[in-house]
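# Close look at the chain arrangement
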Amino acid sequence: YEARYRERTAESERAYERLKEDVPAGVASTYRAWDPYPFVVDRAEGVHLHDVDGNAYVDFDMNNGAGMVGHAHPAVTEAAADQLSDGTLYTHPHELLGEAAAELKKRWSMVDKVRFTNSGTESTMHAIRVARAYSGRDKLLKIEGAYHGVHDYALISKSTPAGQVGHPKRPNKVVESDGVPDEIAETVEVAPFNDLDAVEEILEEHVNEIGALIVEPVVLAKGVTQPYDGFLQGLRELCDEYGVVYIFDEVKTGVKIAPGGAAEYYDVDPDLVTMAKGIGGNFPVGAFGGREEVMSVIEDHTAHYGTYNGNPLVARVVKTVLQDVLTEDAYHHVNDLGERLVAGYEDIMADAGITGHVENVNSQGIVSFTDRRIENYRDFLDHVDVEFHENFWFGMLNQGVVPHPHDASQQWTISVQHEKRHIDEHLEAFKEIAPRLAE
Ligand code: PMP
């Protein structure tokens, strides 16, 4: 399938070679560089990506999950265009800021106060700082295999190589980038997902040291790894018992798996929530918010500044996305399509004799070539057939479908602009390649 991909994307290869002359790895975010070369995008509209070779793709990557509204959504485009002539940046207070924050508060009932940022990375960085300031403790507990952005404290044990993982209940702390001081790892502890006993042991061992726990409530950095019943609730109780600030990183789940994200879907109240992606309708915006008492440290001596924070352009967009685009009807529409895609994958794999598992939470889903449900990072590492997935990836691209962001750890996003026919095109593409894949 890769050879066919090369044939279809010769112009992309040339354009990518030119990009590499000016930009490291030819991309603006290193994740976007993959072998042999990524196709180069010319434009996007609705649910389609068009590459410089003239190929059209039905897109289920949707900007690494940021595109819950689809590409160039008319209401979002209109709101942004309307704001352009009134100014895109005021470094003074303005009322759109409160209006956008109010929309987020409607969706997360535990959120009393909101601060805007410009990305998911900034949101988790500031939420962690606020949690440390509030608790007066320096240590952060995170989950092995989870992703929280690209600042130093988040680059620990996100995709640890198999040879370095350590004991499953006490994962090694592995710094995942050169340039991150080893001392950073001294301030982070790592626990496995879906194992309350292991979390409790670590909290006990570092009692009065760990002040913050950050989780992806569904680990979307590794497929669609769902919490077992009671896990997130159990973490809530442990955080209360050990005086730890509980942070939900809802950058990927927020406003996507339910209007109020994972907090609503699993009915658990964290102390702080981080957001980005879905709230911004493809504009660069993030936010973090939470209980009044915790957020109030920002009014005291905990730094949160930023020239572009909560600018009127993105505030206007957030307000529009949450008020007018991600409506109750939109969620019904997207969730129904999600079910259709899951059922279709299951049928086709059964017919073709492919071993795989489909997992989804409403708009977010994945087909993994594995014989089991993935429950934590070790399952992902040991039991997902990544090579098979690579063939699947190129096979789907050749059929004009981008099934998800590149690689076996990433899930599809169904946007409000997808229709039944796009789900059927996705499934037709898989049906077409399934017999050869099965061989
Ligand atoms: N947290 C989570 C859960 C994410 O999925 C991501 C991005 N994939 C981030 C944080 C970082 O967001 P950004 O890319 O906007 O910095």
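See the structure shown above.
We now turn to the structure provided with this report. Keep in mind that this is a model prediction, so the values were computed, not measured. (Residues numbered from 1 in each chain as written. Predicted model: local features only at pLDDT ≥ 70, side-chain atom pairs only at ≥ 80, totals over all residues.)

### Remarks on the site of the ligand
- Taken together, 14 residues surround the ligand, and among them S119, G120, T121, G149 and V251 come closest.
- If you tally residues by element for the shell around the ligand, the top one is helix 6 (residues 120-135), at three residues.
- Residue composition of the shell around the ligand, by class: four nonpolar, seven polar and three charged. (Near = placed C-beta within 6 Å. Helix = DSSP H or I, 4+ residues; strand = E, 2+ residues; numbered from the N terminus. Nonpolar A, V, L, I, M, F, W, Y, C, P; charged D, E, K, R; others polar.)

### Things to note about helix 5 (residues 95-107)
- Look at helix 5: 19 Å from first C-alpha to last across 13 residues, which is about the 18 Å you get at 1.5 Å a residue.
- Of the positions making up helix 5, those classed as buried are L96, L97, A100, A101, E103, L104 and R107. Projected onto a plane normal to the axis of helix 5, the buried residues spread over an arc of 150 degrees and lie on a single side.
- Buried residues in helix 5 make contact with strand 4 (113-117), strand 11 (272-275), strand 12 (286-290) and helix 12 (312-325). (Expected span 1.5 Å × (residues − 1). Buried ≥ 20, exposed ≤ 12 C-beta atoms within 10 Å, placed from the backbone. Arc of directions from axis to C-beta. Contact = placed C-beta atoms within 7 Å.)

### A few points about the sheet that holds strand 14 (residues 364-368)
- With antiparallel pairing, three strands are arranged side by side in an open sheet as 13-14-16. Looking at which strands have only one partner, the edges of the open sheet turn out to be strand 13 (357-361) and strand 16 (412-413).
- Bridge analysis of strand 14 against strand 16 gives two bridges, and the strand direction is antiparallel. Across the sheet, the residue bridging to Q364 is T413, located in strand 16.
- Its contacts with the sheet put helix 13 (residues 328-352) on strand 13 and strand 14, and the angle it makes with strand 13 is roughly 175 degrees. (Pairing = 2+ DSSP bridges. Axes fitted to C-alpha atoms, helices over the stretch in contact; angles between N-to-C directions.)

### Digging into helix 9 (residues 231-242)
- Over its 12 residues, helix 9 runs 16 Å from end to end, which matches the ideal 16 Å to within 8%, given 1.5 Å per residue.
- What helix 9 keeps buried is the set F231, L232, L235, C239 and Y242. Projected onto a plane normal to the axis of helix 9, the buried residues spread over an arc of 95 degrees and lie on a single side. In helix 9, the exposed residues that point more than 90 degrees away from the buried face are D240 and E241.
- Its buried side turned inward, helix 9 meets helix 8 (196-205), strand 9 (210-215) and strand 10 (245-249).
- Two residues or fewer past helix 9, G243 is found with a positive phi of approximately 65 degrees.

### Things to note about the environment of P259
- Note on placement: P259 falls in the loop between strand 10 and helix 10 (261-265).
- Sequence separation of P259 and H71 is 188 residues, and the distance between their C-alpha atoms is 20 Å.
- When neighbours within four sequence positions are excluded, P259 is seen to be in contact with R107, E264, L326 and Y331.

### Remarks on the packing of helix 4 (residues 74-84) against helix 12
- As a packed pair, helix 4 and helix 12 sit with axes 9 Å apart at the nearest point and diverge in direction by 150 degrees. In terms of their interaxial angle, helix 4 and helix 12 are classed as roughly antiparallel. For the pair helix 4 and helix 12, the sense of crossing is right-handed. Two secondary-structure elements touch here, helix 4 through A75, V76, A79, A80 and Q83 and helix 12 through P312, L313, R316, V317, T320, V321, D324 and V325.
- Of the residues assigned to the contact of helix 4 with helix 12, the class counts are nine nonpolar, two polar and two charged. (Parallel < 35°, antiparallel > 145°, perpendicular 65-115°, else oblique. Left-handed = near helix turned anticlockwise from the far one by under 90°.)

These values are about where atoms sit, not about what they do.
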